[in-house]
Amino acid sequence: MAEQRSHQAELAHMPQGHAAPSTRTYINIFVVLFVITAIEVLAAYMTDIGLPLWSEIVTLILLSVLKGVLVVMFYMHLRFDSRWFTALFAAGFGIAVFMVIVFLLLWAYKRSSGGLVV
Amino acid sequence: MAQAVAHDHGEHGAPGGHGPTGHPPTSLGLNNRKLGLWTFISSEALFFTALVATYLVMKPRNLALGGPRPEDFLGITLTAILAFILLMSSLTMVLAHHAAEHNDQRGIRLWLGATILLGLMFLGGQVYEFNKLWSEHFVTVTITEPDGKIVREGIAEHHLDAELAELQEHHPGATITQSAPKAVTWTTSLFGSTFFVLTGFHGTHVAIGVVWLTVVLIMALRGAISSRNSLTVEMAGLYWHFVDLVWVAIFTLIYLI
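Throughout what follows, the structure given in this document is the object of discussion.

Parameters and conventions
- Residues numbered from 1 in each chain as written.
- Chains lettered and ligands numbered in written order.
- Predicted model: local features only at pLDDT ≥ 70, side-chain atom pairs only at ≥ 80, totals over all residues.
- Heavy atoms only, no water.
- Helix = DSSP H or I, 4+ residues; strand = E, 2+ residues; numbered from the N terminus.
- Buried < 20%, exposed > 50% of the residue type's maximum accessible area, 1.4 Å probe, protein only.
- Contact = heavy atoms within 4.5 Å.
- Areas by Shrake-Rupley, 256 points an atom, 1.4 Å probe, with all protein chains shown as cover.
- 1 Å grid on protein atoms, 1.4 Å probe; cavity = no way out; pocket = protein on both sides within 12 Å on 5 of 7 lines; lining within 4 Å.
- Points joined across faces, edges and corners; volume = space filled by probe spheres on them.
- Nonpolar A, V, L, I, M, F, W, Y, C, P; charged D, E, K, R; others polar.
- Axes fitted to C-alpha atoms, helices over the stretch in contact; angles between N-to-C directions.
- Parallel < 35°, antiparallel > 145°, perpendicular 65-115°, else oblique.
- Core = buried A, V, L, I, M, F, W, Y, C linked by side-chain atoms within 4.5 Å.
- Polar contact = N/O pair within 3.5 Å; in protein donor to acceptor, adjacent residues only side chain to side chain.
- Expected span 1.5 Å × (residues − 1).
- Salt bridge = Lys/Arg side-chain N within 4 Å of Asp/Glu carboxyl O.
- Phe/Tyr/Trp six-rings, centres within 6.5 Å; stacked < 30°, edge-to-face > 60°.

Examining the overall build of chain A
Part 1 of the argument: Secondary structure summary: chain A contains four helices and zero strands in total.
Part 2 of the argument: Written out in order from the N terminus, the α and β elements of chain A read α-α-α-α.
Part 3 of the argument: In chain A, buried positions account for 35% of the 118 residues.
Part 4 of the argument: Partitioning the contacts of chain A with sequence separation of at least 6, the portion at a separation of at least 24 is 56%.
Part 5 of the argument: On chain A, roughly 7,000 Å² of surface is accessible, and the fraction owed to carbon and sulfur atoms is 73%.

Concerning the overall build of chain B
Part 1 of the argument: A count of helices and strands for chain B gives eight helices and four strands.
Part 2 of the argument: From first element to last, N terminus to C terminus, chain B shows the α and β order α-α-α-α-α-β-β-α-β-β-α-α.
Part 3 of the argument: When burial is assessed residue by residue, chain B has 53% of its 257 residues classed as buried.
Part 4 of the argument: Looking at chain B alone, contacts between residues at least 24 apart form 71% of all its contacts between residues at least 6 apart.
Part 5 of the argument: Counting only carbon and sulfur atoms, one obtains 63% of the accessible surface of chain B, whose full area is about 10,700 Å².

A closer look at the layout of surface pockets
Empty pockets left among the atoms are what a rolling probe the size of a water molecule brings to light.
Part 1 of the argument: When its volume is computed, the largest pocket comes out at roughly 1,100 Å³.
Part 2 of the argument: Lining the largest pocket are 38 residues, with V65, F93 and V97 of chain A together with A249 and L253 of chain B sitting closest to its centre.
Part 3 of the argument: For the lining of the largest pocket, the secondary-structure elements that each account for two or more residues are helix 3 (53-75) and helix 4 (83-112) of chain A together with helix 2 (32-64) and helix 8 (231-256) of chain B.
Part 4 of the argument: Considering each element in turn, the lining of the largest pocket owes the most residues, 11 residues, to helix 4 of chain A.
Part 5 of the argument: Of the residues that constitute the lining of the largest pocket, the class distribution is 31 nonpolar, five polar and two charged.

Focus: the packing of helix 3 of chain A against helix 8 of chain B
Part 1 of the argument: Direction vectors running N to C along helix 3 of chain A and helix 8 of chain B enclose 175°, while the axes themselves pass 10 Å from each other. Judged on the interaxial angle alone, helix 8 of chain B and helix 3 of chain A are roughly antiparallel. Contacts between helix 3 of chain A and helix 8 of chain B involve E56, L60, I61, S64, K67, G68, V71, V72 and Y75 of chain A from the first element and H241, D244, L245, V248, F251, T252 and L256 of chain B from the second.
Part 2 of the argument: Residues that form the contact of helix 3 of chain A with helix 8 of chain B fall into these classes: nine nonpolar, four polar and three charged.

With respect to the nonpolar core
Part 1 of the argument: Counting residues in each nonpolar core, the largest one holds 84 residues, and the members touching the most others are Y75 and M76 of chain A together with L112, F195 and W247 of chain B.
Part 2 of the argument: For this core, the elements supplying multiple residues, two or more each, are helix 2 (23-43), helix 3 and helix 4 of chain A together with helix 2, helix 4 (76-101), helix 5 (105-135), helix 7 (190-221) and helix 8 of chain B.
Part 3 of the argument: No other element matches helix 8 of chain B, which puts 17 residues into this core.

Quick notes on the side chain of H202 of chain B
Residue and element names in this part refer to chain B.
Part 1 of the argument: Relative to the elements of secondary structure, H202 occurs in helix 7.
Part 2 of the argument: Here H202 falls in the buried class, since its relative accessible area comes to 0%.
Part 3 of the argument: In this structure the side chain of H202 is engaged in a polar contact, spanning 2.9 Å, whose partner is the backbone oxygen of V243.
Part 4 of the argument: Those residues within four positions of H202 in sequence are excluded, and the remaining contacts are F48, L86, F122, Q126, V243, V246, W247 and I250.

Concerning helix 4 of chain B
All names here are of chain B.
Part 1 of the argument: For helix 4, built from 26 residues, the straight-helix expectation of 38 Å at 1.5 Å per residue is met to within 8% by its first-to-last C-alpha distance of 37 Å.
Part 2 of the argument: Most of helix 4 sits inside the fold, with 20 of its 26 residues counted as buried.
Part 3 of the argument: Directly after helix 4, the chain includes N103, whose backbone phi takes a positive value near 55°.

Here's the deal with the pattern of salt bridges
Residues and elements named next belong to chain B.
Part 1 of the argument: Considering all chains together, one arrives at seven salt bridges over all chains under this definition.
Part 2 of the argument: The partner of E234 in a salt bridge is K34, with the nearest N and O atoms 2.9 Å apart. Taken as a pair, E234 in helix 8 and K34 in helix 2 lie far apart in primary sequence, 200 residues in all. You'll find E234 and K34 in the same group, each marked buried.
Part 3 of the argument: Through salt bridges with shared partners, a single ionic network connects R69, D72, E153 and E163.

Describing the packing of aromatic side chains
Residues and elements named next belong to chain B.
Part 1 of the argument: A full pass over the atoms with the stated rule returns 22 aromatic pairs over all chains.
Part 2 of the argument: Here the aromatic rings of F48 and F242 are separated by 6.4 Å at their centres, their planes lie at 55°, and the arrangement is tilted. Pair noted here: F48 is in helix 2 and F242 is in helix 8, with a separation of 194 residues, a long-range link. By the burial criterion, F48 is buried, and F242 matches it.
Part 3 of the argument: The rings of Y55, F122, F130, W134, F191, F195, F196, W247 and Y255 are connected pair by pair, giving a single aromatic cluster.

This is the structure we're talking about:
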């Protein structure tokens, strides 16, 4: 029975058990997320100082992707967890991003070709 | 007896043993509950993306139909505060999970309680924002050019006088008519419909997360959470972090851009 308990304890940390980061790491990640959010708010005014709209959009999207990656990798532990979970999440997220791009291109094309009556 | 031990302590589904739900482990050696939650999160990513895509696709159409301009009504300050609150809650959530893994009973209760409180603060902020929007109005102005071309503009009621004067200056000879003021609700414009559905669903997810965390907190107060079943806290945490992740996207795509 003791052997069984030991076996169970071992298995509990096997495929999806992870070497959890320390409290300090979590706090450091939070500080980085906070700073990125502050930069995002400032970046929202880039066009007001004469920078082109595309530069503002690209900056904001890159910053939000960076925030998302940090949350998923550290707070959701994907960096330390089974690769299967990463694959599962990436599959859904990848399809989702692809879907947004296709929809935006499709509607932009329909609008520019006069196919969309507004 | 060995089987009973496996049921009592087999929190993680594992090869050769059944988890607490009595289900056999997956052939990948992954925990069933966690695999199920990640599958759910993946499907939720698709769900929210559909709502975000709808908002973005409809944004120019809303403007062409004389709907309200989002920048006239959506403030960055409040939503930046809400983003900060959700980021804070993600930190407290992960600290609750960390405490559970280390069997720190006080930590589990403290950080779960803090996460719930921050979740409620976020919901309060969202209710305030929705109320504010519903109490504001916009007017659809129709400009008919002398050549018969029609252009529509949605103008916030508090900018109306200044913008009407500008329109008359920029469209000499055009006939300008205006609709009665309409509240910014989910039935008066494409902006309202897509915005309230998207942020409303997100708020609903936050509310569900608060209920879930409250259940886990009650379990913790009864001493039912320890390092042996820290997965219970981790599951709630994964869902909570995903809700935060959705706000990261909404904050950028809806409020900042």
